[in-house]
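Residues per chain are reported as follows:
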Amino acid sequence: MTEPVRTPRPVDARTLWAGGVAAAVVAALVALVGIVVCRGLLDVPVLAREGDGIWGDADTAAYAVGAALAALVATGMAHLLLLSSPRPGRFFAWIMTLATIAAVLVPFAVTATLASRFATAAINLAVGIAIGSLVGASGRSAVRKASLGAGAPPSYPAP
């Protein structure tokens with residue numbers, strides 16, 4: 001018997017990467033808002049010494065840029081999975097869940113106050129959820145749009 005030829009899944013890369021860039025902006029903003037809330041409202045020194053103020057030092061910008069880069073890496077991974085794996089959504093969900101769990105656990109391996117560790121873990125969780133949900137949704141949209149035909153509106157039966 002011959003195996004059926006598997007045609008690659010159609011993926012609208014423009015839609016996927018536009019969503020990935022938007023997810024990167026959201027991830028950076030989630031990180032910034034999390035730091036402002038922790039430092040400004042809760043008075044927990046996250047990624048800075050106590051007394052560095054709400055915005056802290058250069059570590060704040062690096063943290064936000066890191067969150068944005070993580071979203072772009074997730075988009076690349078989603079693109080690869082969409083093109084090559086049998087159940088890309090399921091694999092993406094597993095990878096993002098495990099990566100988020102790792103990011104939540106990392107603060108507990110460094111020397112800092114307990115409040116700072118929990119605050120950083122909470123920010124990492126929020127960033128991971130944002131990236132996973134937004135990039136996952138972008139991937140689903142990119143497949144749906146590509147399967148409808150590049151930009152062609154769906155045809156519906158006449159009433």
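Use the structure listed above.
### Examining the nonpolar core
By size, the foremost hydrophobic cluster in this structure holds 24 residues, and its most contacted members are Val46, Phe92, Ile123, Val127, Ile131 and Val135. Contributing elements (two or more residues each) for this core: α1 (13–41), α2 (58–84), α3 (88–105) and α4 (114–148). Here this core takes eight residues from α2, the largest share from any one element. Dropping the residues within four chain positions of it, Val135 is found in contact with Ala23, Ala71, Ala74, Thr75, Ala78 and Phe92.

### A closer look at unusual backbone geometry
A positive phi angle, near 55°, is found at Asp43, a position not held by glycine. Along the chain, Asp43 falls in the loop between α1 and α2.

### A short note on α3
Over its 18 residues, α3 extends 26 Å from the first C-alpha to the last, a length consistent with the 26 Å expected when each residue adds 1.5 Å. By the burial criterion, the buried members of α3 are Pro88, Phe92, Met96 and Thr100. In an axial view of α3, the angular spread of the buried residues amounts to 85°, which keeps them on one side of the axis. Away from its buried face by more than 90 degrees, α3 exposes Arg90, Trp94 and Leu105.

### A word on the side chain of Asn124
Checked against the element boundaries, Asn124 lands in helix α4. A polar side-chain atom of Asn124 sits 2.7 Å from the main-chain carbonyl oxygen of Ala103. Residues contacting Asn124, with those up to four places away along its chain left out, are Tyr63, Thr100, Ala103, Val104 and Pro107.

### Some remarks on the packing of aromatic side chains
Within the structure shown, the criterion is met by one aromatic pair. Seen in terms of ring centroids, Phe108 and Phe118 are 5.0 Å apart; in terms of plane orientation they differ by 75°. Their pairing is edge-to-face. Residue Phe108 is located in the loop between α3 and α4, and its partner Phe118 is located in helix α4; the two are separated by ten residues in the primary sequence. By relative accessible area, which is 32% here, Phe108 ends up partly exposed.

### Looking at the side chain of Thr60
Among the structural elements, Thr60 can be located in helix α2. One polar contact links Thr60 to Arg39, side chain to side chain, over a distance of 3.0 Å.

Here is what the cut-offs are and how they apply
- Residues numbered from 1 in each chain as written.
- Predicted model: local features only at pLDDT ≥ 70, side-chain atom pairs only at ≥ 80, totals over all residues.
- Heavy atoms only, no water.
- Core = buried A, V, L, I, M, F, W, Y, C linked by side-chain atoms within 4.5 Å.
- Buried < 20%, exposed > 50% of the residue type's maximum accessible area, 1.4 Å probe, protein only.
- Helix = DSSP H or I, 4+ residues; strand = E, 2+ residues; numbered from the N terminus.
- Contact = heavy atoms within 4.5 Å.
- Expected span 1.5 Å × (residues − 1).
- Arc of directions from axis to C-beta.
- Polar contact = N/O pair within 3.5 Å; in protein donor to acceptor, adjacent residues only side chain to side chain.
- Phe/Tyr/Trp six-rings, centres within 6.5 Å; stacked < 30°, edge-to-face > 60°.

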